[in-house]
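Residue-level structure breakdown
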Amino acid sequence: MITASDVEREKYQNIWVVAELLAGKIQPVTFELIGAARELADTRKSDVWVVVLGLDIGESPETLFAYGADIALLADKAGLSGFVDELEAKIMEHLITKYKPEIVICGATTRGRSLIPRVAVKTYSGLTADCTGLSIDSENGDLLQTRPAFGGNIIATIRCSNHRPQMATVRPRVMKLPEPDFSRRGKVIKEKTIVRDIEKIKKILDIFHSTETSINLADAQIIISGGRGIKGSKGFKLLKNFAERLGGAAVGASRAAVDSGWIPYAHQVGQTGQTVQSKVYIACGISGQIQHLVGMQSCDLIIAIDKNPNTPMMQIADISVVGDLFEIIPELNKKIISL
Amino acid sequence: MKIVVCIKQVPATNEAKIDPETKRIIREGIKAIINPFDNYALEEGIQLRDKLGGEVIAICMGPRKAEDSLREAIALGIDRGILLNDKAFAGSDTWATSYVLAKAIKKIGNVGLVICGKQAIDGDTAQVGPGIAAHLDWLQATYVMAIESISDSSIRVKRMHEDGYDICEMRFPAVITVVKDINIPRVPSLRGRLISRKCEIPTWKPDDIGANISKIGLEGSPTRVVKTQSPPPRHNNTKKIQGSAAECATALLKELRIRNLI
Amino acid sequence: MIQHILNRMYHIEVLPPKQDSETLEDNLEKFQNRYLRILENGYCACITDNTMGLLSFQGTELIEELSLPVISEQLIIHLNTFHRKDDLDNILRVCKLKRIKYLLIITGDGSERIPKLRPLDINNTDTESVTSVELLKYINWKYPDTFVLGVAFNPYEPEEHEFEKLKRKIKAGAAFIITQPLIGRNRFIDRLLKKHPEIPVIVEAWMSKKLHLLSEAVGYEIPQNTAYDPISNLKILHRLYPQCGFYLSLLGFKNQFELIRDTWI
């Protein structure tokens with residue numbers, strides 16, 4: 001195997017976070033990852049760098065330092081706007097070769113998951129996707145990456161011993177957002193990019209931003225799901241409202257609700273629908289037949305809301321709420337705004 | 001125009017039953033299926049071939065049993081399938097897997113478009129598609145939800161993002177990974193199945209694709225799984241919340257907040 | 001359909017081979033033999049549509065590929081909402097071509113692999129998802145006066161919910177009803193027969209000795225070793241429901257086929 005020798009490996013230092021930008025604004029996942037990177041850097045006695053692709057970041061790099069970064073590495077994108085994966089990968093390759101980071105982490109977003117695998121191949125790095133945990137092995141300083149596999153039924157720990165940098169992507173809201181300290185200071189490095197053959201890479205023709213973000217069941221961290229107790233498509237609008245206010249949430253349904261024509265089949269969770277493994281599953285008016293349970297058993301936290309305290313779902317739930325969902329959900333919606 | 005669709009055979013995890021004692025999914029006897037996202041890739045490949053002419057080929061790196069998946073692809077309407085199977089390929093992580101697939105695509109020759117499903121439901125990494133593009137140094141577009149137009153030399157796609165979408169154009173050769181919004185996959189017909197049972201599916205080994213042995217299998221993989229464990233068992237105590245609607249809502253939100261979920 | 005009852009014609013369920021079958025040619029031969037045997041004995045063959053979301057072959061493609069004879073009065077094809085639009089239209093086209101008269105329209109079981117009809121596929125703007133009601137309307141619109149359409153009635157679902165659904169199905173054009181398996185008398189079926197004397201009702205009789213397999217259908221756990229004699233149950237149902245037709249599921253073609261000659265008196 002082609003690997004870096006120990007001497008080579010030693011040359012790679014510092015923990016990098018690749019920033020997630022949306023319309024020039026740095027996204028929360030970046031700050032979450034800076035927090036995680038800070039812990040790793042403290043253990044490794046090194047620095048946290050944040051790589052920002054695109055110099056026009058709208059706000060100053062001060063926020064990055066406040067959350068724990070030591071250096072902001074700003075690379076220009078040769079004037080190109082939009083997400084041009086090949087160009088960003090080339091820039092990352094150049095930066096990694098020049099500055100030799102030990103660890104590179106990035107948000108597991110549509111952009112992150114397109115960019116980082118390409119970079120990892122180009123730099124012959126090990127990449128672990130959707131990590132739920134990152135730590136340093138006290139024996140040899142390697143990065144230990146934990147992630148779920150097989151639909152959440154196994155937790156795997158992965159290591160990239162012989163290649164540098166070690167790379168990982170992490171989904172938004174997995175790492176805790178640190179407390180910012182606005183007295184922290186850092187350094188800015190501006191990197192000029194030399195890009196050849198621009199006409200050969202992809203052309204972005206149009207970009208559409210939508211205010212309504214529809215999260216699908218497979219990617220949602222929180223799922224609020226309705227069953228027979230929802231009584232109609234109007235009831236599902238209540239759940240949709242809740243999901244939208246929360247952000248990053250999706251609406252699910254039991255088979256009974258779909259068979260009654262209240263919500264499209266794409267939302268069905270269960271044996272004849274989808275299997276989900278979100279962090280939170282809130283079952284509203286779902287009795288909990290085995291065919292439904294098979295589809296959501298892997299969710300980390302199961303909450304059930306029902307008038308009847310004795311349904312199978314209320315029994316297996318981690319938290320059960322006895323009450324009328326048509327009163328409780330509007331109350332939840334009201335209180336979320338004030339959060 | 002030659003189109004290659006990369007598929008993977010995976011266990012059908014959503015057909016599992018739950019062990020009443022451990023409350024965990026029983027994994028024995030679970031059958032193998034084509035990775036669900038790959039069905040969308042196959043459907044798109046077939047539709048594009050029907051529109052533009054040419055050939056659509058399915059390739060799969062896996063154990064001998066993965067041949068069944070290639071036959072199913074042929075039953076759907078794929079022109080031919082190739083299995084990449086050898087002891088040396090086993091244990092490959094995504095870097096090595098995308099290397100092998102890239103070599104196979106090079107060997108097929110004159111390929112204009114590679115289509116992959118967004119991710120595989122067992123590994124869930126979504127790394128192989130962009131990895132293939134990187135090994136080949138081709139253009140890539142991921143999370144493709146629609147193909148707006150296609151010609152012999154270029155393709156225009158709609159890419160999904162969390163906050164909306166964009167439209168981009170790429171000259172061939174290129175790699176795209178597709179999401180479920182892109183089409184509705186057909187099911188095989190009886191006639192297709194009967195034909196596929198008689199088809200010849202060649203097996204390619206490292207030598208056939210000119211693969212560097214040090215870059216494949218366990219040895220060629222930069223990442224290694226060092227430990228697997230079961231998630232903590234489901235508890236048995238349900239925390240009960242009661243009271244007025246407002247009280248319930250407050251209590252529930254508090255539970256979510258202390259667990260850092262909101 | 002009423003003639004089927006008057007003529008004591010049993011409706012016998014025959015399951016198509018599954019798509020992932022390793023012994024496909026053998027399964028096809030077995031299917032063909034069963035189908036022909038049902039016809040030869042004057043019964044009505046009922047071919048299912050991907051039951052339990054297990055991808056199988058369609059009745060229409062089996063009839064075409066195996067060149068099976070179609071006798072209009074001796075065939076019911078199940079049709080559910082889990083199809084692509086082009087496949088649905090093709091199935092209906094072949095049914096009309098082959099003079100297949102009776103279709104049992106059900107919502108059906110899906111799976112991740114099996115596509116589902118979307119409301120816009122069948123010109124429907126009223127509901128969020130397609131159920132048997134919308135499919136009934138579509139078929140009657142596209143092929144008026146061509147088919148006789150039946151629907152399911154499940155006495156194990158909440159009573160009011162199920163009767164309300166049935167009302168909508170009848171309004172959409174349902175001409176006969178097939179029930180879920182009955183074990184002895186069922187008061188919801190009694191209510192059904194009283195409420196809708198004008199619609200032929202075919203009750204399902206579970207012909208397997210393994211009664212516990214019905215647990216999921218009936219919604220409560222039936223112990224695995226429960227003693228159950230399917231032939232006795234069938235005779236009891238004949239006595240209780242003389243005005244109904246009979247749908248036999250899981251009939252043992254080796255051991256039970258001959259026994260049902262004398263059960264409908």
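Attention here is on the structure that accompanies the text. Starting from 1, residues in each chain are numbered consecutively following that chain's sequence as written. Naming scheme: in the order in which they are written, chains are lettered from A and ligands are numbered from 1. Residues qualify for local features only when their pLDDT is at least 70, as the model is predicted, and side-chain atom pairs are given and counted only at 80 or more; totals for whole chains, interfaces and linings, by contrast, use all residues. Working from all heavy atoms in the structure, the side-chain values ignore hydrogens and water.

Examining the overall build of chain B
- Secondary structure assignment for chain B yields eight helices and 15 strands.
- Once the C-alpha set of chain B is aligned to its principal axes, its extents read approximately 70 × 40 × 40 Å.
- Classification of residues uses two cut-offs on accessible area relative to the type maximum, computed with a 1.4 Å probe and protein chains only: under 20% is buried, over 50% is exposed, and between them is partly exposed. With 262 residues in all, chain B has 58% of them scored as buried.
- When checking whether two residues touch, look at their non-hydrogen atoms; a contact exists if any pair is within 4.5 Å. The contacts in chain B between residues at least 6 apart in sequence include a share of 69% that link residues at least 24 apart.
- Only the protein chains shown count as cover for residues, and all accessible areas are computed by the Shrake-Rupley method using a 1.4 Å probe. About 10800 Å² of surface is accessible on chain B, with carbon and sulfur atoms providing 49% of the total.
- Computed over 38 positive and 31 negative side-chain charges, the inter-centroid distance for chain B is 3 Å. We count a stretch as a helix when DSSP gives it H or I for four or more residues in a row; a strand needs E for two or more, and each element gets its number in order from the N terminus. We count Lys and Arg on the positive side and Asp and Glu on the negative side, and we leave His and both chain ends out. A single reference atom marks each charge: NZ on Lys, CZ on Arg, CG on Asp, CD on Glu.

Side note on the nonpolar core
- Joining through side-chain atoms within 4.5 Å is the link that ties buried Ala, Val, Leu, Ile, Met, Phe, Trp, Tyr and Cys residues into a set, and such a set is a nonpolar core. Ranked by size, the top nonpolar core spans 68 residues in total, and within it Tyr10, Ile12, Leu92, Leu103, Leu248 and Ile260 of chain C carry the most contacts.
- The dominant element in this core, judged by the number of residues it contributes, is helix α2 (residues 24-40) of chain C, at six residues.
- Those residues in contact with Tyr10 of chain C, other than ones at most four positions away along the chain, are Tyr43, Cys44, Leu234, His238, Phe246, Leu248, Ile260, Thr263 and Trp264 of chain C.
- With 62 residues, the next largest nonpolar core counts Val84 of chain A together with Ile115, Val157 and Ile201 of chain B among its residues.

Description of unusual backbone geometry
- Along the chain, Arg164 of chain A connects to Pro165 of chain A via a cis peptide bond; the corresponding omega equals -5°.
- With respect to the helices, strands and loops of the structure, Pro165 of chain A is situated in the loop between β10 (154-159) and β11 (166-170).
- Cis peptide bonds are those with omega within 30 degrees of zero, and the linkage from Phe172 of chain B to Pro173 of chain B qualifies with 0°.
- As for its placement among the helices and strands, Pro173 of chain B is situated in the loop between β11 (164-171) and β12 (174-178).
- Positive phi, normally seen in glycine, also occurs at Lys45 of chain A, with a value near 55°.

What about the interface of chain B and chain A?
- In this assembly, 80 residues from chain B lie in contact with 85 residues from chain A.
- Put simply, buried area is how much 1.4 Å-probe accessible surface two parts lose in total, over both of them, once they are put together. For the pair chain B and chain A, the summed buried area comes to about 7300 Å², and 56% of that belongs to carbon and sulfur atoms.
- What makes a salt bridge here is a side-chain nitrogen of Lys or Arg within 4 Å of a carboxyl oxygen of Asp or Glu, nothing more. Where chain B meets chain A, there are three salt bridges.
- A salt bridge links Arg118 of chain A to Asp137 of chain B; the shortest N-O distance between them is 3.8 Å.
- Residues adjacent in sequence count toward polar contacts only when both atoms are side-chain atoms; beyond that, a polar contact is any pair of N or O atoms within 3.5 Å, and within protein one must be able to donate a hydrogen and the other to accept it. Here chain B and chain A share 33 residue pairs in polar contact (both at pLDDT 80 or more) between them.
- Of all the elements, helix α8 (residues 245-258) of chain B adds the most residues to the side of chain B that touches chain A, at 10 residues.
- In the side of chain B that touches chain A, the residues fall into 32 nonpolar, 26 polar and 22 charged.
- Bridge count between strand β18 (residues 319-322) of chain A and strand β15 (residues 239-241) of chain B: three bridges; the pairing is parallel. The partner of Ser320 of chain A across the bridge, within β15 of chain B, is Lys240 of chain B. Note that Gly is not counted as nonpolar here; it falls among the polar residues with everything else outside the nonpolar set of Ala, Val, Leu, Ile, Met, Phe, Trp, Tyr, Cys and Pro and the charged set of Asp, Glu, Lys and Arg. In this analysis, strands are considered paired if DSSP registers two or more bridges between them.

With respect to the side chain of Thr81 of chain C
Residue and element names in this part refer to chain C.
- In this fold, Thr81 is placed in the loop between β3 (75-79) and α4 (85-97).
- Its relative accessible area of 0% is what places Thr81 among the buried residues.
- Here the side chain of Thr81 touches Thr107 through a polar contact of 2.7 Å, landing on its backbone oxygen.
- Among all residues touching Thr81, those that are not within four sequence positions of it are Ile106, Thr107, Lys116, Leu117, Val130, Thr131, Ser132 and Leu135.

Overview of the sheet that holds strand β12 (residues 187-191) of chain A
Residues and elements named next belong to chain A.
- With respect to topology, seven strands assemble into an open sheet ordered β7-β11-β6-β1-β4-β5-β12, the strand pairing being parallel. A strand with exactly one partner marks an edge of an open sheet, and here the two such strands are β7 (126-128) and β12. Taking each pair of neighbouring strands and ignoring which way they run, the sheet shows an average axis angle of 20°.
- By the bridge criterion, four bridges tie strand β1 (residues 15-18) to strand β6 (residues 103-107) in an arrangement that is parallel. In the strand pairing of β6, Val17 is matched with Ile105. Throughout, an axis means a line fitted to C-alpha atoms (over the contacting stretch in the case of helices), and angles, computed between N-to-C directions, take values from 0 to 180 degrees.

Thoughts on the environment of Ala108 of chain A
All names here are of chain A.
- Structurally, Ala108 can be placed in the loop between β6 and α5 (110-122).
- When the C-alpha positions of Ala108 and Ala249 are compared, they lie 16 Å apart, and in sequence the two are 141 residues distant.
- In this structure Ala108 touches Arg113, Asp130, Thr169, Val170, Arg171 and Pro172, once residues within four positions along its chain are discounted.

Considerations on the sheet that holds strand β7 (residues 201-206) of chain C
Residue and element names in this part refer to chain C.
- Within the closed barrel, the eight strands sit side by side as β1-β2-β3-β4-β5-β6-β7-β8. Their pairing is parallel. Direction aside, the axes of adjacent strands within the sheet are offset by 25° on average.
- Bridge count for strand β5 (residues 148-153) against strand β6 (residues 176-181) is four bridges, and the pairing is parallel. Counted as the bridge partner of Phe153 is Thr179 from β6.

Digging into the packing of aromatic side chains
Residues and elements named next belong to chain C.
- Side-chain rings of Phe, Tyr and Trp, where Trp is taken by its six-membered ring, are said to pair if the distance between their centres is within 6.5 Å; with planes under 30 degrees apart they count as stacked, over 60 as edge-to-face, and otherwise as tilted. Enumeration over the complete set of coordinates arrives at 18 aromatic pairs over all chains.
- Where Tyr10 meets Tyr43, the ring centres are 6.0 Å apart and the plane angle is 55°; that geometry is what we call tilted. Remark: Tyr43 occurs in the loop between α2 and β2 (44-47) and Tyr10 occurs in the loop between α1 (2-6) and β1 (11-14); sequence separation between them is 33 residues. This pair shows no difference in class: Tyr10 is buried, exactly as Tyr43 is.
- Taken together, a centroid distance of 6.4 Å and an interplanar angle of 20° make the contact between Phe31 and Tyr35 stacked. Taken together, the residues span about one helical turn, with Phe31 and Tyr35 both in helix α2 at a distance of four residues. Here Phe31 and Tyr35 have matching classes, each one buried.
- Ring-pair connections join several aromatic residues into one group, and the members of that group are Tyr10, Tyr43, Phe246, Phe253, Phe257 and Trp264.

Observations regarding the packing of helix α3 (residues 94-108) of chain B against helix α4 (residues 128-136) of chain B
Residue and element names in this part refer to chain B.
- In contact at an axis separation of 8 Å, α3 and α4 are set at 55° when each is read in the N-to-C sense. Comparing the axis directions of α3 and α4 gives the class oblique. For α3 against α4, the interelement crossing comes out right-handed. Residues Thr94, Trp95, Thr97, Ser98, Tyr99, Leu101, Ala102, Ile105 and Lys106 of α3 lie in contact with α4, whose contacting residues are Val128, Gly131, Ile132, His135 and Leu136.
- Its residues placed into classes, the contact of α3 with α4 shows eight nonpolar, five polar and one charged. Throughout, the term roughly parallel applies to angles under 35 degrees, roughly antiparallel to angles over 145, roughly perpendicular to angles from 65 to 115, and oblique to all others. The hand of a helix crossing depends on one turn: near helix anticlockwise from the far one by less than a right angle means left-handed, and clockwise means right-handed.

With respect to the pairing of β10 of chain A
- Pairing of strand β9 (residues 143-149) of chain A with β10 of chain A involves six bridges; the strand directions are antiparallel. Residue pairing in the sheet places Leu144 of chain A in a bridge with Arg159 of chain A of β10 of chain A.
- Relative to strand β14 (residues 224-229) of chain B, β10 of chain A runs antiparallel, the two sharing five bridges. Within β14 of chain B, the position partnered with Ala156 of chain A by the bridge is Thr228 of chain B.

Focus: the state of the cysteines
- We call a pair of cysteine sulfur atoms a disulfide when they lie within 2.5 Å. All told, the structure shown has zero disulfides over all chains when counted by the stated rule.
- Free of any disulfide, Cys299 of chain A has its nearest neighbouring cysteine sulfur in Cys284 of chain A, separated by 13 Å.
- Using a relative accessible area of 1% as the deciding quantity, one classes Cys299 of chain A as buried.
- Among the cysteines around Cys44 of chain C, which has no disulfide bond, Cys46 of chain C carries the closest sulfur, lying 4.6 Å off.
- Cys44 of chain C sits in the buried class, given a relative accessible area of 0%.

Quick notes on the pairing of β18 of chain A
Residues and elements named next belong to chain A.
- Neither face of β18 is open: one carries Ile319 and Val321, the other Ser320 and Val322, and all of them are buried.
- As paired strands, strand β17 (residues 301-306) and β18 are joined by four bridges and run parallel to one another. When the sheet's bridge partners are listed, Ile305 is paired in β18 with Val321.

A few points about the interface of chain C and chain B
- At the junction of the two partners, chain C supplies 18 residues and chain B supplies 20 residues.
- Buried surface at the junction of chain C and chain B, both sides included, amounts to about 1900 Å², of which 47% is carbon and sulfur.
- It is Arg84, Glu112 and Arg113 of chain C in chain C that bury the most area against chain B; as a group they hold 34% of the surface buried on that side.
- Our count for the contact surface shared by chain C and chain B stands at five salt bridges.
- Seen at the junction of chain C and chain B, the total is 11 residue pairs in polar contact (both at pLDDT 80 or more).

Such coordinate-based values are descriptive only and should not be taken to indicate function.
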